[in-house]
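Fold and geometry: a report
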Amino acid sequence: MKQAKYILDKDYKIGTVDPHLFGSFIEHLGRAVYTGIYEPGHPMADEQGFRKDVLELVKDLQVSIVRYPGGNFVSGYNWTDGIGPVKDRPRRLELAWRSIETNEIGIDEFADWAKKANTQVMAAVNLGTGTPAEAGYMVEYCNHPSGTYWSDLRRKNGHEQPHNIKVWCLGNEMDGPWQICHLSAEDYGKKALEAAKIMKWIDPNIELVACGSSTSFMPTFPEWDRIVLEHVYDHVDYISLHRYYENDNDIGDFLGSFADMDNFIHTIISTADYVKAKKRSKKNLMLSFDEWNVWYQKKVKLMPWEIAPPLLEDIYTLLDALVFGGLLCTLVKNADRVKMACLAQLVNVIAPIYTQKGGGVIKQAIYYPFQQVSTFGQGEVLRPLVSCPTYETKSYGEVPIMQSVATFNREDGSISVFILNCDQSDDVEVTMDFRSFGSVQPIEHIVLDGPDLFASNSFDEPEKVKPRNACLSAGQGGVFNITLPKLSWNMLRFSCEK
Ligand code: AHR
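The rules behind the values
- Residues numbered from 1 in each chain as written.
- Predicted model: local features only at pLDDT ≥ 70, side-chain atom pairs only at ≥ 80, totals over all residues.
- Heavy atoms only, no water.
- 1 Å grid on protein atoms, 1.4 Å probe; cavity = no way out; pocket = protein on both sides within 12 Å on 5 of 7 lines; lining within 4 Å.
- Points joined across faces, edges and corners; volume = space filled by probe spheres on them.
- Helix = DSSP H or I, 4+ residues; strand = E, 2+ residues; numbered from the N terminus.
- Domains from an automatic or database assignment.
- Patch = residues over 30% accessible without salt bridge, like charges linked within 9 Å, V, L, I, M, F, W, Y side chains within 5 Å.
- Areas by Shrake-Rupley, 256 points an atom, 1.4 Å probe, with all protein chains shown as cover.
- Salt bridge = Lys/Arg side-chain N within 4 Å of Asp/Glu carboxyl O.
- Axes fitted to C-alpha atoms, helices over the stretch in contact; angles between N-to-C directions.
- Parallel < 35°, antiparallel > 145°, perpendicular 65-115°, else oblique.
- Left-handed = near helix turned anticlockwise from the far one by under 90°.
- Contact = heavy atoms within 4.5 Å.
- Nonpolar A, V, L, I, M, F, W, Y, C, P; charged D, E, K, R; others polar.
- Near = heavy atom within 4 Å.
- Polar contact = N/O pair within 3.5 Å; in protein donor to acceptor, adjacent residues only side chain to side chain.
- Sits in = over half its atoms within 2 Å of the grid points.
- Buried < 20%, exposed > 50% of the residue type's maximum accessible area, 1.4 Å probe, protein only.
- Pairing = 2+ DSSP bridges.

One water molecule sets the probe size; rolling that probe over the atoms shows where empty space is left. If you add up the space inside the largest pocket, you get close to 1000 Å³. Along its surface, the largest pocket is lined by 42 residues, and Phe217, Tyr244, Trp295, Gln297 and Lys298 are the ones closest to its centre. If you list the elements that add at least two residues to the lining of the largest pocket, you get β10 (238-245) and α7 (251-255). Broken down by element, the lining of the largest pocket gets its largest block of residues, four residues, from β10. Mapped onto the domain boundaries, the lining of the largest pocket takes at least three residues apiece from domain 1 (2-10 + 381-496) and domain 2 (18-376). One number sums up the size of the second largest pocket: a volume of about 300 Å³. In terms of lining residues, the second largest pocket is bounded by 17 residues, among which Ile14, Asp262, Lys333, Arg383 and Pro384 are the most central.

What follows is the structure, encoded as structure tokens:
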């Protein structure tokens, strides 16, 4: 058994958890929308065709904000195709994912769905084929109360009240040559600036996210981010980060992905702060990690043109869920600058929720860490003093065997600690010391582990991978000895005097 020490002090605060850290993403891609959130005629469909079984799981996940409608899709999307009477909406060839888009769902329906799911919309505008003026029309349509062409059109289309969408993305991954009408950093910076000005003139209360690098291994990273920010710094509120991880036949490396994500975040913080200094600005730019997950990025095969073909339907294993937990800890640990994050995506497409067309719905393995952290990772993020063994990875150098985050909810006196144990051979005994909290009582220790790292849930065995209760003994003088099984994800909860 390996040994580790974990000291928590209630006054060592990193930041406050912004609820928007637990966002997600629905793109018009594969079966995310059609036969995912929306399937008229399904036994569980409501009067608008939204699947109630899916809505229940989205609510259980406590997803705070959902990015929509893309993704790569948005760079060729004309948002006006998705408004007005459904029978009049055009069917289009959708070039990002080579599908047929029926436009049955558009921004009005999605805003309705978001209300039913107890979440908010984070809208993305098209800065590929789209123009800054069209982006402004969309803000006017969604957020202006009435008395103008676009706001009255929304009212005519059945939405008397504005959608009041607060957060808007200025395009998607515009640094990527795969993007429809991809731009250089200079050209994107100029276009995003003009769009930002128009959008904020229409609604000064909105927040804007500029496209940062689409991944940390882009050859243009981090120059892209610097150049873009030099154009838009004063006009935007966030810069975006996107990153997906996969197992490249090296479990140690894969488990250590959290170290790479942390490095990515810190490089973007440095880049943003450099631009801040150059501009003599007083504003700290915040980060929106609006696409993250495990994703096995096989080449998308060219298929015949179809409506909602099954694309990117990754099946997640226990190992994926462990890595996923480590990534989630990293996002929350950086809560002082990462104010928003979107798990990409939410339903069917690289997602925690998986549906059968005309059938049931299951929770994938990654569902559980997300649900636990979004539910219990509330309040202040604390900076623990951790001493634990390390191990050597091929890609990320030396990394600790544990990745963790601790939150303290002063309102209800609860402490939550989430820990990934990456060690492949040993359990770890952690001495957890809460000496500054006064009297601390254990609530629960929930573990996600198992004999088969490659086990996954399926419609035949929907609960093959799921968390279990472990024993959490009473501590002495605020000190607890806790065993973290090898290769496990752990949620530990305690209560203290308020
Ligand atoms: O989430 C899947 C795709 O990944 C998104 O459309 C794109 O933004 C990213 O490359």
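Looking now at a nonpolar patch on the surface. Taken together, the side chains of Leu93, Leu95 and Trp305 define a hydrophobic patch exposed on the protein surface, amounting to about 320 Å² of accessible area. Mapped onto the secondary structure, Trp305 falls in the loop between β11 (286-294) and α9 (318-333).

We now examine the packing of helix α3 (residues 132-143) against helix α5 (residues 185-202). The contact between α3 and α5 brings their axes to 8 Å, and the two run at 25°. The orientation of α3 relative to α5 falls into the category roughly parallel. Here the hand of the crossing between α3 and α5 comes out right-handed. Together, Pro132, Ala133, Ala135, Gly136, Val139 and Glu140 of α3 and Lys191, Glu194, Ala195, Ile198, Met199 and Ile202 of α5 make up the contact between the two elements.

Inspection of the entire model under this criterion finds three cavities of 30 Å³ or more. Here the largest cavity is characterised by a volume of approximately 70 Å³. His28, Leu29, Gly30, Tyr34, Phe73, Glu94, Ser99, Ile100, Glu101, Ala308 and Pro309 are the residues that line the largest cavity. Classifying every residue of the lining of the largest cavity gives six nonpolar, three polar and two charged. Taken as a whole, the second largest cavity encloses approximately 50 Å³ of empty space. Residues that form the lining of the second largest cavity fall into these classes: four nonpolar, four polar and one charged.

Around the ligand, the neighbouring residues are Phe25, Glu27, Gly71, Asn72, Trp97, Asn172, Glu173, Tyr244, Glu291, Trp295, Gln345 and Ile350. A distance of 2.6 Å is found between an oxygen atom of the ligand and a side-chain nitrogen or oxygen belonging to Glu27. In the environment of the ligand, an oxygen atom lies 2.7 Å from a nitrogen or oxygen atom belonging to the side chain of Glu173. About the coverage of the ligand: the protein hides 95% of its 280 Å² of free accessible area. Put simply, the ligand lies in the largest pocket.

Glancing now at the pattern of salt bridges. The final tally for this structure, using the stated rule, is 28 salt bridges. One salt bridge in this structure joins Arg51 and Asp53, with 2.7 Å as the shortest N-O distance. Residues Arg51 and Asp53 agree in their burial class; the two are buried. Between Lys278 and Glu230 there is a salt bridge; the shortest N-O distance is 3.1 Å. Residue Lys278 is located in helix α8 (residues 257-278), and its partner Glu230 is located in helix α6 (residues 223-232); the two are separated by 48 residues in the primary sequence. Looking at Lys278, the relative accessible area reads 44%, which means it is partly exposed. With relative accessibility at 23%, the residue Glu230 sits in the partly exposed group.

Turning our attention to the sheet that holds strand β16 (residues 385-387). With mixed pairing, four strands are arranged side by side in an open sheet as β16-β1-β21-β24. A single partner strand is all that each edge strand has here, and the edge strands are β16 and β24 (479-484). Geometrically, the sheet is characterised by an average inter-axis angle of 20° between neighbouring strands, direction not taken into account. Of the strand pairs in this sheet, strand β1 (residues 2-7) and strand β21 (residues 428-433) are connected by six bridges, and their pairing is parallel. Bridge pairing in β21 links Tyr6 to Met432.

This paragraph deals with unusual backbone geometry. With omega at 5°, the peptide bond leading from Tyr68 into Pro69 counts as cis. Turning to its location among the elements, Pro69 is positioned in the loop between β4 (65-68) and β5 (92-94). A cis amide bond links Gly70 with the next residue in sequence, Gly71, at an omega value of 15°. Of note, Gly71 is situated in the loop between β4 and β5. A positive phi is found at Glu173, a non-glycine position, where the angle reads about 40°. The exposure class of Glu173 is buried, given its relative accessible area of 8%.

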